[in-house]
Amino acid sequence: MTLVYYAANLGLFFCGYVILALGLNIQFGYAGVLNFAYIAFWAIGAYITAVFMLGPSTAFSGETYILGLRLPFIVALLAGGVAAGLLAVAMGGLILRRLRGDFIGIGLFALSFALYDVVGNYTPLFNGWAGVIGVPPPLNFFNLNAEQYILYYLIPSGLLAVLLYWVAQRLSRSPYGRALRALREDETVAATFGKNTFRLRLSAMVIGCIYAGLAGGLMIGFLSAMAPASWSAAETFIIWTAVIVGGLGNNRGSVLGVLVIIILLGEGTRLLPLPLEMQSLVPPLRGIIIGAVLIAILYWRPKGLIPEERTKYHLVASQNSAANP
Amino acid sequence: MNSFAVELGFGLVAAGFIAVAAVGATLQFGITNYINFALGDYMTIGAYSAWVLTSRAINFWVATAVAVVIGGVVALLISRFVLAPFVRRKTPVLYMLIVTLGVGLIITNVIQLLFGSDQQQYPASVIDQSAFHLGPFLATPNQLITLGLAAGLMIALHFMLTRTALGKGMRAMSDDPDLARVAGIDAGRITDWVWVISGGLAALAGVLLALDVGSFTPAFGELFLFVIFAAVVVGGAGQPNGAMLGALITGVATSLAVLFVNSAYKNDVAFLILLVALVLRPQGIIPSRRSI
C-alpha cells in the first residue's frame, strides 16, 4: 500500500509540474520571455488559494495571514490563478517595456528576490518565514483517509493538467501562437507586420503565470502548507531545465521534460543507494547533475529531446491554381 | 554618536567591494556582450579558497592573493572550455545567460558537496578587531584595508585601460568588436584576459564581502549578485567608470537605508535601485554603445 501511496504522490507532483512546465513554455518557448521569477507566481497561487480556503487567522493560533475567507476550493483555485495573473500584469508591465531579453530576466529575478524578502519578513501577509499551514484537503466529500485521499486527488489534478494541456495546444496553433513565435524569431519583423510586441509579450507572460498560479493552488491541496523555503530561486531552474531538456516551443516536450528531469532525475537521485550519513550529499549532487544536463542539452541538442515541429502552411489548392493558370 | 556618519562609512566600505566585482563584471559584459550569471559563484570561490588556505595556517592576506589567482584561473577555464564553444556557435545572448546560470548552479553545489551548507567564517585572529574612531567615522583595520585595496585597484585599472596595449584593446573591442578585429587586435587574447581579470576581481570581492558580513555559505555570492548587477546597470553596462559610480551609489544607499528601514530589507534597496535603473534609464548614467 505504501508503494501505491508513493506512486500516487509522484503522480500529483507530475500533474503540478506539467502545468508549471506548460506555462513556462508559453512564456519562453513561444514568446521568448525570460521569466526568472516564475516560481514566485506558483507561490502566490498557492498562498492565495490557501488563504481563500482557510478560516480567518486568530491571535490564538499564533499565525497571521490576510483574508481567511473559508471559501470552496474551486473559487480559491481560480482566485490563485487570477492573483498570479494580476501580479504578472504588474511585474511585466514594469519590466517588459523596452529592455533587451537578458535584462528582462535580470529585472524579473530582482523583483522575485524582493518579493521573497517581503513575504518572508512581513508576517501579516502570509505568516512570514513560517508560512501558512494546515490548508484543509480540498474536495474531500467522502471522508477518505490520507492514503485514499491522495489517490482520489489524482482525478481533479489529472483533469486540470489535461485541460490546460489542451488549452496550450489550441493556443500554439492559433494565429496568436503564430504571432508569439514570430516575435520570438524576429521582433523587428513582428513589429513591421503591425504586432504590438510589448502587449504580445505581456499577454504570454500573464497566461503563463496563470498556469503557474493554478499549479500552485492545485499543489497546496496535497502539500497543505506553503513557506518561502519551498520557492527559493533554485526551484525555478529545475522547471527551466525541464522545459529546455524536453524541447522548447512544444507542449509534448514540456511533459517529457517533467518526466525526465523532475520524476526520473529527482526520484532517481533520491533512491541512490547511499549510506545514511551520506544522504546530505544528495541535494548538491542533484544540483550538479541538473546544471550539467542543462549545459549538455543546450550544446548537443539545443532543440531538446522533442524538437519543435516546423509548421507548414499549405496554400489552398484553388488559390494556387488561380494564381498560376 | 552620529549614526549617519557611521553608516556612511560602512557604505563607502561596501562601495569598495561592490566596485571591485562590478568593474570586472562590466568589463567582461562590454567585451563578451552577455551577462555572466555565475559571477556571484566566482565570489563564493574566492571566499572559500581564502578560508581553506587560512585554515592551513597560511597568512590571511597571502591566502587572499592566492584566492584571486584561483578565481581568475577558474573563470578563464570556464570561458575556454564551457562558454567559448557556445560563442563559436553564435548562441543568442538569452541562451548564454542560461548557460552561465547552469555553470553557477554547478559551482554552488560543488562547494556545498565539498564543504557542506553550514555557515563558515574566517578565524578569530582575522575578524576579531576593535573598531576605532576616525573623525566622525567608525572603522576596523579590515575595513580600511578594503577601502585602500578598492581605491588602489580602481586607479590601477584606470591606468591599465588608458595606458597599456591590453587595456586599449579592451576598450576598442568593447566599442566596436568588428573594427577592433580589423585593426589587428587579438580578440581571443583580450577575451581570455578579461575573464581572468573579472574572475580574479570577483574572488577578491568575495573575500572582502565575507570579511564584511562575517560569515558565508555556498549560496552567499549568488545572493549578492544583484547588488553587483545594480551597480553595473546604474553606471551603464560595459562602462568601468560607470560601474565605480554605480558601486558608490549602491553601496552608500544600501547602508544608509538601514537608518530608515528594517535591515532585513537591506539588499532589497539594491534591487530597487536596479529596477528603477532598468525601467527609467536602462542605458545607465554613462551610456555605452551596447543597447540593453
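Treat the numbers as computed from the prediction; the structure is a model and nothing was measured.

Definitions and cut-offs
- Residues numbered from 1 in each chain as written.
- Chains lettered and ligands numbered in written order.
- Predicted model: local features only at pLDDT ≥ 70, side-chain atom pairs only at ≥ 80, totals over all residues.
- Contact = placed C-beta atoms within 7 Å.
- Helix = DSSP H or I, 4+ residues; strand = E, 2+ residues; numbered from the N terminus.
- Nonpolar A, V, L, I, M, F, W, Y, C, P; charged D, E, K, R; others polar.
- Domains from an automatic or database assignment.
- Axes fitted to C-alpha atoms, helices over the stretch in contact; angles between N-to-C directions.
- Parallel < 35°, antiparallel > 145°, perpendicular 65-115°, else oblique.
- Buried ≥ 20, exposed ≤ 12 C-beta atoms within 10 Å, placed from the backbone.
- Arc of directions from axis to C-beta.

Asker: Account for the interface of chain A and chain B, naming residues and giving values.
Answerer: Accessible area lost on assembly of the parts is the figure often given for the size of an interface. Between chain A and chain B, the residue contacts involve 32 residues of the former and 34 residues of the latter. If you list the elements that add at least two residues to the side of chain A that touches chain B, you get helix H3 (73-95), helix H4 (101-121) and helix H12 (282-300) of chain A. The leading source of residues in the side of chain A that touches chain B is H4 of chain A, at 13 residues. Residue composition of the side of chain A that touches chain B, by class: 22 nonpolar, 6 polar and 4 charged.

Asker: Go over the domain arrangement of chain A, please, and point to the residues and values.
Answerer: Residues and elements named next belong to chain A. By the assigned domains, chain A splits into domain 1 (2-231) and domain 2 (233-310). The distance between the C-alpha centroids of domain 1 and domain 2 comes to 20 Å. Contacts between the two partners involve 23 residues from domain 1 and, on the opposite side, 18 residues from domain 2. Those elements giving two or more residues to the side of domain 1 that touches domain 2 turn out to be helix H1 (2-30), helix H2 (38-53) and helix H6 (146-173). Counting residues per element, the side of domain 1 that touches domain 2 draws most heavily on H1, which supplies 13 residues. Considered class by class, the residues forming the side of domain 1 that touches domain 2 number 17 nonpolar, 5 polar and 1 charged.

Asker: Give a description of the packing of helix H6 (residues 141-163) of chain B against helix H7 (residues 165-175) of chain B that names residues and reports values.
Answerer: Residues and elements named next belong to chain B. It is at 5 Å that the axes of H6 and H7 come closest, and there the two elements cross at 80°. As judged from the angle between their axes, H6 and H7 are roughly perpendicular. Where H6 abuts H7, its residues Met160, Leu161, Thr162 and Arg163 lie against Leu166, Gly167, Met170 and Arg171. In terms of residue class, the contact of H6 with H7 is made up of 4 nonpolar, 2 polar and 2 charged.

Asker: Explain H7 of chain B to me, and be specific about the residues and the numbers.
Answerer: Residues and elements named next belong to chain B. Buried within H7 we find Gly169, Met170, Met173 and Ser174. All buried residues of H7 project into a common sector of 130° when viewed along the axis, lining one side. Along its buried surface, H7 packs onto helix H1 (3-32), H6, helix H8 (177-182) and helix H9 (187-213).

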